[in-house]
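Structural overview for review
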Amino acid sequence: MTDREPELRITHISETPWHEVKAQSHGGRRTSVWEKFLEWSPERLVIYARYDAGVVVERHGHMSEHYVFVLAGEVLIGDRPCPTGTHITLEQGAAFGPLIAGPEGATLYEIMCGDPRAVPADREGFERLCAERDITPLPNPPVPWPDWLAARTDGNPAAESAAT
């Protein structure tokens, strides 16, 4: 807790730019995860996210509690379809996924309370799934990462080394 006075912050998604945060090649077609950072502080990260159709996010957890609400489209989490209207609670230390966006993609509202960095939970399974689907993970696109937060933990070592 800080010694500062509590404040009211209001943000509209039209005031916030999209950031490509994950990228993949699906048989030569670029597919991505896009996020608008509505709030990003040491206490919380609030995201409005768009998953392109078919994008795959590896099974992972976070270094904080993570709440997700599916606003539009559908995402498959493991073997569980999560259509519009689905709420997901991921307690700190729990893992979920892989996440696979449906044929229309998915729009999500996400909140992470504390350190939002991802913790990969099944890198080998992700690599197998990508090979089965002709998906090549690309290096993480640059993100306006806060100085006070340690480096990303969700990189793809094969894609990162291929890019250098």
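For the structure itself, look to the data block above.
1. Observations regarding the overall build of the protein chain
A count of helical and extended segments in the protein chain gives two helices and 10 strands. Over its C-alpha atoms the protein chain spans a radius of gyration of 16 Å, differing by no more than 12% from the 15 Å that the globule rule assigns to 164 residues. By principal-axis analysis of the C-alpha atoms, the protein chain measures approximately 50 × 40 × 30 Å. Taking all 164 residues of the protein chain together, the buried fraction comes to 43%. Contacts in the protein chain between residues at least 24 apart in sequence constitute 67% of all its contacts with a sequence separation of at least 6.

2. A word on the pairing of strand β7 (residues 87-90)
Residues I88 and L90 point to one face of β7 and are all buried, whereas H87 and T89, pointing to the other face, are not buried. Summarising the sheet, strand β5 (residues 60-77) and β7 pair through four bridges and their orientation is antiparallel. Across the sheet, residue Y67 finds its bridge partner in β7, namely T89.

3. Some points on the pattern of salt bridges
Across all of its chains, the model carries 10 salt bridges by this definition. Residue R123 pairs with E58 through a salt bridge whose shortest N-O separation is 2.9 Å. Taken together, the residues R123 in helix α1 (residues 123-132) and E58 in the loop between β4 (56-57) and β5 connect sequence positions 65 residues apart. A residue is classified by how much of its surface remains accessible, and E58, at 6% relative accessible area, is buried. Between D154 and R152 there is a salt bridge whose closest N-O contact spans 2.9 Å. Judged by its relative accessible area of 13%, D154 falls in the buried class.

4. A few points about the environment of G97
Tracing the sequence through the fold places G97 in the loop between β8 (95-96) and β9 (99-120). By relative accessible area, which is 10% here, G97 ends up buried. In the structure, G97 is positioned 40 residues away from V57 in sequence and 7.2 Å away in space, judged by C-alpha atoms. The residues contacting G97, other than those within four sequence positions of it, are R59, I77 and G78.

5. A few points about a nonpolar patch on the surface
Taken together, F69, L71 and Y109 make up a surface patch of nonpolar side chains, about 240 Å² in accessible area. As for its position among the elements, F69 is in strand β5.

6. Things to note about α1
Every buried residue of α1 is accounted for by G125, F126, L129 and C130. An end-on view of α1 places all buried positions within 135° of arc, on one side of the element. Projecting away from the buried face of α1 at angles above 90 degrees are the exposed residues E124, R128, A131 and E132. Buried positions along α1 lie against β1 (19-26), β4, β9 and β10 (135-137).

7. So, empty space enclosed by the protein
Per the counting criterion, the structure on display carries two cavities of 30 Å³ or more. Here the largest cavity defines a volume of roughly 420 Å³. Lining the largest cavity are 29 residues, and of these E35, H62, A118, R152 and D154 lie nearest its centre. Counting residues per element, the lining of the largest cavity draws most heavily on β9, at eight residues. When the residues that make up the lining of the largest cavity are grouped by side-chain class, the tally is 18 nonpolar, four polar and seven charged.

Cut-offs and rules
Residues numbered from 1 in each chain as written. Predicted model: local features only at pLDDT ≥ 70, side-chain atom pairs only at ≥ 80, totals over all residues. Heavy atoms only, no water. Helix = DSSP H or I, 4+ residues; strand = E, 2+ residues; numbered from the N terminus. Rg over C-alpha atoms; globule rule 2.2 N^0.38 Å. Buried < 20%, exposed > 50% of the residue type's maximum accessible area, 1.4 Å probe, protein only. Contact = heavy atoms within 4.5 Å. Pairing = 2+ DSSP bridges. Salt bridge = Lys/Arg side-chain N within 4 Å of Asp/Glu carboxyl O. Patch = residues over 30% accessible without salt bridge, like charges linked within 9 Å, V, L, I, M, F, W, Y side chains within 5 Å. Areas by Shrake-Rupley, 256 points an atom, 1.4 Å probe, with all protein chains shown as cover. Arc of directions from axis to C-beta. 1 Å grid on protein atoms, 1.4 Å probe; cavity = no way out; pocket = protein on both sides within 12 Å on 5 of 7 lines; lining within 4 Å. Points joined across faces, edges and corners; volume = space filled by probe spheres on them. Nonpolar A, V, L, I, M, F, W, Y, C, P; charged D, E, K, R; others polar.

Read these as layout, nothing more, since geometry by itself doesn't imply function.
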